[in-house]
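One-letter residues, chain by chain:
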Amino acid sequence: MGLSQVADGVLAHESEFIKSNAVVVQGKAGVLLIDAGITADEMVAIADDLRRLSQRVVAGFSTHPHWDHLLWHAELGEAPRYGTARCAAEIKAFLSDAHWRDHIVEDLPPEVEVPLNLLGLITGLPAGTTQVPWDGPTVRVIEHQAHAAGHAALLVEERGVLVAGDMLSDVLVPMLDFSAADPIEDYLVALDLFEGVAGDIDVLIPGHGSVGGADELRARIEQDRAYVRALRDGQTPSDPRIGPSAKPGWEWVSDVHEGQLQGLAQKSDK
Ligand SMILES: [Zn+2]
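### Brief notes about the pairing of strand S9 (residues 152-156)
Then, number 1: Of all five residues that make up S9, five are buried, and the element is covered over most of its length.
Then, number 2: Burial of S9 is two-sided: the residues Ala152, Leu154 and Val156 facing one way and the residues Ala153 and Leu155 facing the other way are all buried.
Then, number 3: Bridge count for strand S8 (residues 139-143) against S9 is five bridges, and the pairing is antiparallel. Following the sheet pairing, Glu143 is matched in S9 by Ala152.

### Focus on the sheet that holds strand S10 (residues 161-163)
Then, number 1: The five strands are arranged S8-S9-S10-S11-S12 in an open sheet whose pairing can be described as mixed. Both edges of this open sheet fall to S8 and strand S12 (212-213), since each of them pairs with a single strand only.

### Some thoughts on a negative patch on the surface
Then, number 1: A cluster of acidic residues, Asp97, Asp102, Glu106 and Asp107, forms a negative patch at the surface.
Then, number 2: Relative to the assigned elements, Glu106 resides in helix H3 (residues 100-107).
Then, number 3: You can call Glu106 exposed: its relative accessible area is 62%.

### Digging into the sheet that holds strand S5 (residues 57-61)
Then, number 1: Pairing in this open sheet of seven strands is mixed, and the strands run S1-S2-S3-S4-S5-S6-S7 from one edge to the other. Both outer strands of the open sheet, strand S1 (4-7) and strand S7 (123-125), are each paired with one neighbouring strand and no more. If you compare each strand with its neighbour and ignore which way they point, the axes differ by 30 degrees on average.
Then, number 2: Of the strand pairs in this sheet, strand S6 (residues 81-84) and S7 are connected by three bridges, and their pairing is parallel. Across the sheet, Thr84 pairs through a bridge with Leu125, a residue of S7.
Then, number 3: Seen against the sheet, helix H2 (residues 85-95) touches S6 and S7 and runs at an angle of roughly 105 degrees to S6.

### What about the packing of aromatic side chains?
Then, number 1: Within this structure, the stated rule accounts for three aromatic pairs.
Then, number 2: Between Phe17 and Trp67, the aromatic rings sit 5.6 Å apart at their centres with planes inclined by 45 degrees, giving tilted as the arrangement. Of the two residues, Phe17 sits in the loop between strand S2 (10-14) and strand S3 (21-26) while Trp67 sits in the loop between S5 and S6, which places them 50 residues apart along the sequence. Each member of the pair Phe17 and Trp67 is classed as buried.

### Let's talk about the coordination of the zinc ion
Then, number 1: Looking at the metal site, the zinc ion is ligated by His64 (NE2), His66 (ND1), His147 (NE2) and Asp166 (OD), spaced 2.1 to 2.2 Å from it.
Then, number 2: Considering all four donor atoms around the zinc ion, angles at the metal cover 89 to 175 degrees and the coordination shape is irregular.
Then, number 3: In the primary sequence, the donor residues of the zinc ion line up as H-x1-H-x80-H-x18-D.
Then, number 4: What makes His64 buried here is its relative accessible area of 0%.

### Some points on the pattern of salt bridges
Then, number 1: Tallying each qualifying case throughout the model produces 14 salt bridges.
Then, number 2: We note a salt bridge from Glu216 to Arg220, for which the minimum N-O separation is 2.8 Å. Here Glu216 pairs with Arg220, and both are found in helix H5 (residues 214-233), just four residues apart, close to one helical turn.
Then, number 3: We classify Glu216 as partly exposed; its relative accessible area is 31%.

Cut-offs and rules
- Residues numbered from 1 in each chain as written.
- Predicted model: local features only at pLDDT ≥ 70, side-chain atom pairs only at ≥ 80, totals over all residues.
- Heavy atoms only, no water.
- Buried < 20%, exposed > 50% of the residue type's maximum accessible area, 1.4 Å probe, protein only.
- Helix = DSSP H or I, 4+ residues; strand = E, 2+ residues; numbered from the N terminus.
- Pairing = 2+ DSSP bridges.
- Patch = residues over 30% accessible without salt bridge, like charges linked within 9 Å, V, L, I, M, F, W, Y side chains within 5 Å.
- Areas by Shrake-Rupley, 256 points an atom, 1.4 Å probe, with all protein chains shown as cover.
- Salt bridge = Lys/Arg side-chain N within 4 Å of Asp/Glu carboxyl O.
- Lys, Arg positive; Asp, Glu negative; His and termini not counted.
- Charge placed at Lys NZ, Arg CZ, Asp CG, Glu CD.
- Axes fitted to C-alpha atoms, helices over the stretch in contact; angles between N-to-C directions.
- Contact = heavy atoms within 4.5 Å.
- Phe/Tyr/Trp six-rings, centres within 6.5 Å; stacked < 30°, edge-to-face > 60°.
- Donors = N, O, S within 2.8 Å, 3.2 Å for Na, K, Ca; no water.
- Tetrahedral: all angles 85-135°; square planar, octahedral: opposite > 155°, others 65-115°.

Have a look at this one:
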């Protein structure tokens, strides 16, 4: 079985592709599926698992407008899929480029086959929406500016579970949204926002990486804050995710870091 339980009524599936986590929240008449997965095989496996559990998908949610959080498979059914209003607007703009498929394929290792035909077919929730509209436990939408426009983490309140999107990863350093006016400040504000709800959280599920508990959540907030502050202050971050301490197979995260240094230098030149 590809899905494993991470909290009461919450299951997750970890992809082979950069440890991407798809998350299932059990509701009254079916499940909410957050960031559905990467490859066709994985999404079909999730659909099969749900069938075995006699569950169907009644709602979907994409945490942010990056392709690896926007995928879907016909086997998962035709439930409404949501994102924030800003997320939906970003996707619409992305899909209006005739070459959008090429941009994704350029990003992918050749062995990873990704079904693109249902990518990004989401409905934007009206700005200011605080909960995912569905028949299940309250899922709070925590929208913030960091990593990508319209990024939202979801808090399954009664389960104490935070689905963090591309924040608070143990394998990826904070990845800034260079389209924003002040990506560093945005990121620090978002980390403060997570710290503000940390007391309600027992389980953290990042978009990529390992699931953690409450202590791990606080440690990752601190680790990410230290990384972003080092970028801000022009210091070399001492961070286990980059440099010689990076795990085998994750050396490319150091390239992401170098790219961010360049991006910041260009921004300050302007
Ligand atoms: Zn992302």
